[in-house]
Amino acid sequence: MNIILNSQLTPLPSNIITLKDLMDWKKIPSDATAIAINGKIAKLHEADTIKLHQDDNLMIITAAFGG
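Reference entry: report on the structure contained in this document.

**Quick word on the pairing of strand β3 (residues 33-37)**
(1) Moving on: Across the five residues that make up β3, a large majority, four, are buried.
(2) Moving on: As paired strands, β3 and strand β5 (residues 57-62) are joined by five bridges and run antiparallel to one another. Bridge pairing in β5 links A36 to M59.
(3) Moving on: Pairing of β3 with strand β4 (residues 40-41) involves two bridges; the strand directions are antiparallel. Bridge pairing in β4 places A36 opposite I41.
(4) Moving on: Turn length for the β3-β4 hairpin, with the two strands adjacent in sequence and antiparallel, is two residues, and the turn residue N38 shows positive phi of about 55°.

The structure is reproduced here in structure tokens:
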């Protein structure tokens, strides 16, 4: 399956089915992160139940702290 991840075509391994799987695979922290799927903000506390689909468009923004 392919998705668009931050404007880049990204092929997913066959074991990536949910948003939680993707976050684990890409090592995306659930705190200080916002994810939109097809223009809608995802509730990260429900990431294990949000299924990904072919051609989903995901935008992931992670806050960076420091000076």
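Following the structure, the description resumes.
**What to know about the pattern of salt bridges**
Close approach of charged atoms lets side chains of opposite charge pair.
(1) Moving on: Per the counting criterion, the structure on display carries one salt bridge.
(2) Moving on: The shortest N-O distance in the salt bridge between K20 and D24 comes to 3.0 Å. With K20 and D24 both in helix α1 (residues 19-26) and four residues apart, the pair spans about one turn of that helix.
(3) Moving on: Relative accessible area serves as the criterion here: at 37%, K20 is assigned to the partly exposed category.
(4) Moving on: Its relative accessible area of 46% is what places D24 among the partly exposed residues.

**Re unusual backbone geometry**
(1) Moving on: Even without a glycine there, the phi angle at S7 is positive, about 70°.
(2) Moving on: Tracing the chain through its elements places S7 in the loop between β1 (2-5) and β2 (8-11).
(3) Moving on: Although it is not a glycine, A32 sits at a positive phi angle of roughly 60°.
(4) Moving on: Among the secondary structure elements, A32 is positioned in the loop between α1 and β3.
(5) Moving on: On the basis of relative accessibility, which here comes to 39%, the residue A32 falls in the partly exposed class.

**Here's the deal with the environment of A47**
(1) Moving on: Examined against the element boundaries, A47 turns out to sit in the loop between β4 and β5.
(2) Moving on: Note: C-alpha distance between A47 and P13 (34 residues apart in sequence) is 18 Å.
(3) Moving on: Setting aside residues up to four positions removed in sequence, A47 forms contacts with T18, L19, K20 and M23.

Conventions we followed
Residues numbered from 1 in each chain as written. Predicted model: local features only at pLDDT ≥ 70, side-chain atom pairs only at ≥ 80, totals over all residues. Heavy atoms only, no water. Buried < 20%, exposed > 50% of the residue type's maximum accessible area, 1.4 Å probe, protein only. Helix = DSSP H or I, 4+ residues; strand = E, 2+ residues; numbered from the N terminus. Pairing = 2+ DSSP bridges. Salt bridge = Lys/Arg side-chain N within 4 Å of Asp/Glu carboxyl O. Contact = heavy atoms within 4.5 Å.

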